[in-house]
Amino acid sequence: MARGVRKSIEEKIADKQDVIDALEIRILKEKEELQILLNEQRMARLECLEELIDSSNLSLEEVSEILRQHIGEEEAVEV
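## Remarks on the overall build of the protein
So, step 1. The number of helices and strands found in the protein is two helices and zero strands.
So, step 2. Here the C-alpha atoms of the protein give a radius of gyration of 27 Å, more than 25% beyond the 12 Å that 2.2 N^0.38 yields for 79 residues.
So, step 3. With the C-alpha coordinates aligned to their principal axes, the bounding extent of the protein is approximately 80 × 35 × 20 Å.
So, step 4. For the protein, the exposed surface amounts to about 7,900 Å²; the carbon and sulfur share of it is 58%.
So, step 5. Charge separation in the protein, taken as the distance between the mean sites of 11 positive and 21 negative side-chain charges, equals 19 Å.

## Here we look at the pattern of salt bridges
So, step 1. In total, this model carries three salt bridges according to the counting rule given.
So, step 2. For Lys7, the salt bridge goes to Asp15, with nearest N and O atoms at 2.4 Å.
So, step 3. For Lys7, a relative accessible area of 48% corresponds to the partly exposed category.
So, step 4. The class for Asp15 is partly exposed, based on a relative accessible area of 31%.
So, step 5. Notably, a salt bridge pairs Glu65 with Arg68, separated by 3.7 Å at the nearest N-O pair. Remark: Arg68 and Glu65 occur in helix H2 (residues 60–78); sequence separation between them is three residues, near one turn of the helix.
So, step 6. Since its relative accessible area comes to 38%, Glu65 is described here as partly exposed.

## Notes on helix H1 (residues 9–56)
So, step 1. Here H1 contains 48 residues, and its C-alpha end-to-end distance of 70 Å stays within 8% of the 70 Å for a straight helix at 1.5 Å per residue.
So, step 2. Just past H1, the residue Asn57 takes up positive phi, approximately 60 degrees.

## Some details on a nonpolar patch on the surface
So, step 1. The grouping of Met43, Leu46, Leu49 and Leu52 at the surface amounts to a nonpolar patch, some 370 Å² of accessible area in total.
So, step 2. By the secondary structure assignment, Leu46 is in helix H1.
So, step 3. Here Leu46 falls in the partly exposed class, since its relative accessible area comes to 38%.

About the cut-offs
- Residues numbered from 1 in each chain as written.
- Predicted model: local features only at pLDDT ≥ 70, side-chain atom pairs only at ≥ 80, totals over all residues.
- Heavy atoms only, no water.
- Helix = DSSP H or I, 4+ residues; strand = E, 2+ residues; numbered from the N terminus.
- Rg over C-alpha atoms; globule rule 2.2 N^0.38 Å.
- Areas by Shrake-Rupley, 256 points an atom, 1.4 Å probe, with all protein chains shown as cover.
- Lys, Arg positive; Asp, Glu negative; His and termini not counted.
- Charge placed at Lys NZ, Arg CZ, Asp CG, Glu CD.
- Salt bridge = Lys/Arg side-chain N within 4 Å of Asp/Glu carboxyl O.
- Buried < 20%, exposed > 50% of the residue type's maximum accessible area, 1.4 Å probe, protein only.
- Expected span 1.5 Å × (residues − 1).
- Patch = residues over 30% accessible without salt bridge, like charges linked within 9 Å, V, L, I, M, F, W, Y side chains within 5 Å.

Structure follows, in structure tokens:
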């Protein structure tokens, strides 16, 4: 049974390079989509934080100070 014409090594190399190039383009697109999703997640978290701050009737400075104190207490406990 005849198999047809075999590809030369140069053709095989070119084919593999084409596959690699296509995969690299796909990886770049996937990374861009991942970055978009991470940005969406960050914005959602910031919106939640903003709602919490707004509902607390505290100023941003007061909330910042509370968080600094809390972080300082946690660092003291870890030492």
